[in-house]
Amino acid sequence: MTVNIKVFNDINQLYEEVASYYVEKINQNPNICLGLATGSTPIMLYQKLIMAYKDQKISFKQVRTFNLDEYIGLHQNHKQSYYTFMKEQLFKHIDIQDDHTFIPRGDMNDDIKAIKTYQNLLDKNKIDIQLLGIGANGHIGFNEPGTDFESKTHVVKLAAKTRSDNARLFNHLDEVPTHAITMGIKEIMGAKEIIVIAVGQNKKDAVYEMIYGDININLPASILQKHPNVSIYLDEAAASKFQKGE
Ligand code: F6R
């Protein structure tokens, strides 16, 4: 296991460092295959990558992206779909080609077809760098506690904690979808390199268990201890459990 942990007291500095790393990697390999995430955590990274593009430091023309997950039952153009999130937070601001961006489909009324399509895509495309946030319950992608480490793309029932955490983005908890389609843990672990970002106090327990806990399916992120190339970027709040023993 090679885990590289970096803790920042300045969040801007954290994202600056991650963004510079992506700029370097994209320039080294313009055909790079990126695994992307949604949620609050990557937003500042995407903003910095948009700035780098506007400053002509990078081009996404040949980059391909594969997102981790999507809600089941929301139309692609729904305000809270991850399709809309990616378009608004990143894709519409850069020169990426539409047909180079892949997000599992949650709106097909045919989950088996959506699963098979995404599994096939991931079988054919090796992800160079997979970006991950972490759920307060230790989920990665939408692989909730209890998910088999051998899982490939599948449909999941969202944990009550995940739905309530995400309810902030909807008018009411009842509107939060109950299911999602997610890249499986085996596919995430298949990436050549993984970058995890966690910020905020509510992540400190999950972060601690991810790094120091027993590897077990009840804390999905703990499997990352077995990956050969993981970098974990934390702010002080997310690192507080192992830094100060809080
Ligand atoms: C998002 C995803 C999730 C989030 C996690 C953290 O595509 O797969 O695992 O990374 O729920 O969410 P935020 O960043 O909103 O705290």
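As shown above, the structure is provided for reference.
Let me begin by describing the structure that accompanies this report.

Conventions adopted
- Residues numbered from 1 in each chain as written.
- Predicted model: local features only at pLDDT ≥ 70, side-chain atom pairs only at ≥ 80, totals over all residues.
- Heavy atoms only, no water.
- Near = heavy atom within 4 Å.
- Polar contact = N/O pair within 3.5 Å; in protein donor to acceptor, adjacent residues only side chain to side chain.
- Areas by Shrake-Rupley, 256 points an atom, 1.4 Å probe, with all protein chains shown as cover.
- Helix = DSSP H or I, 4+ residues; strand = E, 2+ residues; numbered from the N terminus.
- Expected span 1.5 Å × (residues − 1).
- Buried < 20%, exposed > 50% of the residue type's maximum accessible area, 1.4 Å probe, protein only.
- Contact = heavy atoms within 4.5 Å.
- Salt bridge = Lys/Arg side-chain N within 4 Å of Asp/Glu carboxyl O.
- Pairing = 2+ DSSP bridges.
- Axes fitted to C-alpha atoms, helices over the stretch in contact; angles between N-to-C directions.
- Lys, Arg positive; Asp, Glu negative; His and termini not counted.
- Phe/Tyr/Trp six-rings, centres within 6.5 Å; stacked < 30°, edge-to-face > 60°.
- Right-handed = clockwise from strand over helix to strand, strands pointing away.

Let us now look at the site of the ligand. The immediate surroundings of the ligand are formed by 14 residues, with Thr41, Asp69, His139, Gly141 and Lys203 found nearest. Residue serine 40 places a main-chain N or O atom 2.8 Å away from an oxygen atom belonging to the ligand. Within the backbone of glycine 141, one N or O atom sits 2.7 Å away from an oxygen atom of the ligand. Relative to its unbound accessible area of 410 Å², the ligand is 91% covered by the protein chains.

The subject of this paragraph is helix 2 (residues 43–54). Between its first and last C-alpha, helix 2 extends 17 Å over 12 residues, near the 16 Å set by a 1.5 Å rise per residue. Here helix 2 has its buried residues at Leu45, Tyr46, Lys48, Leu49, Ile50 and Ala52. For helix 2, the secondary structure elements touched by its buried residues are helix 1 (11–28), strand 2 (33–36), helix 3 (82–89) and strand 6 (129–132). In the segment just after helix 2, glutamine 56 is the residue with positive phi, at about 60°.

A word on the environment of isoleucine 215. Residue position: isoleucine 215 is located in the loop between helix 7 (204–212) and strand 10 (230–235). By relative accessible area, which is 33% here, isoleucine 215 ends up partly exposed. The residues contacting isoleucine 215, other than those within four sequence positions of it, are Phe149, Ser222, Ile223, Gln225 and Lys226.

According to the stated counting rule, one finds nine salt bridges in the structure shown. A salt bridge links glutamate 88 to lysine 92, with the shortest nitrogen-to-oxygen separation between them at 2.8 Å. The class of glutamate 88 is partly exposed, set by a relative accessible area of 34%. Between aspartate 123 and lysine 152 there is a salt bridge, with the nearest N and O atoms lying 3.1 Å from each other. One end of the pair, aspartate 123, is in helix 4 (residues 111–124); the other, lysine 152, is in the loop between strand 6 and strand 7 (154–157), with 29 residues separating them in the sequence.

Further remarks concern the sheet that holds strand 6. With parallel pairing, the seven strands of this open sheet are ordered in space as 1-10-9-6-2-3-5. Because the sheet does not close on itself, it has two edges, and the strands there are strand 1 (3–8) and strand 5 (101–102). In terms of strand pairing, strand 3 (residues 64–67) meets strand 5 through two bridges, oriented parallel. Each residue of the ladder has a partner; that of phenylalanine 66, found in strand 5, is phenylalanine 102. Strands in contact with helix 7 are strand 1, strand 9 (193–198) and strand 10; relative to strand 10, the strand with the most contacts, it is inclined by about 155°. In the packing of helix 8 (residues 236–243) onto the sheet, the strands contacted are strand 1, strand 9 and strand 10, and the crossing angle to strand 10 comes to about 105°.

By the element assignment, glutamate 70 lies in strand 4 (residues 69–71). No salt bridge is formed by the buried glutamate 70; its nearest oppositely charged neighbour, arginine 105, is found at 7.3 Å. Polar side-chain contacts of glutamate 70 include one of 3.0 Å to the backbone nitrogen of tyrosine 83. When residues no more than four places from it in sequence are discounted, the contact partners of glutamate 70 are Ser81, Tyr82, Tyr83, Ile103, Pro104, Gly106, Ala180 and Ile181.

All told, the structure shown has eight aromatic pairs when counted by the stated rule. Ring geometry for tyrosine 208 and tyrosine 212: centres 5.4 Å apart, planes at 45°, overall tilted. Of this pair, tyrosine 208 and tyrosine 212 are both found in helix 7, four residues apart, which corresponds to roughly one turn of the helix. Chaining the aromatic ring pairs together yields one cluster made of Tyr71, Tyr82, Phe142 and Phe170.

This part covers the pairing of strand 10. Looking down a regular strand, the side chains alternate between one sheet face and the other. Among the six residues of strand 10, six are classified as buried, and the element is accordingly described as predominantly covered. Burial of strand 10 is two-sided: the residues Val230, Ile232 and Leu234 facing one way and the residues Ser231, Tyr233 and Asp235 facing the other way are all buried. Sheet topology places strand 1 next to strand 10; six bridges connect them, and they run parallel. Bridged to isoleucine 5 within strand 10 is isoleucine 232. Pairing between strand 9 and strand 10: five bridges, direction parallel. Each residue of the ladder has a partner; that of alanine 198, found in strand 10, is leucine 234. With helix 7 bridging strand 9 and the parallel strand 10, this β-α-β connection has right-handed handedness.

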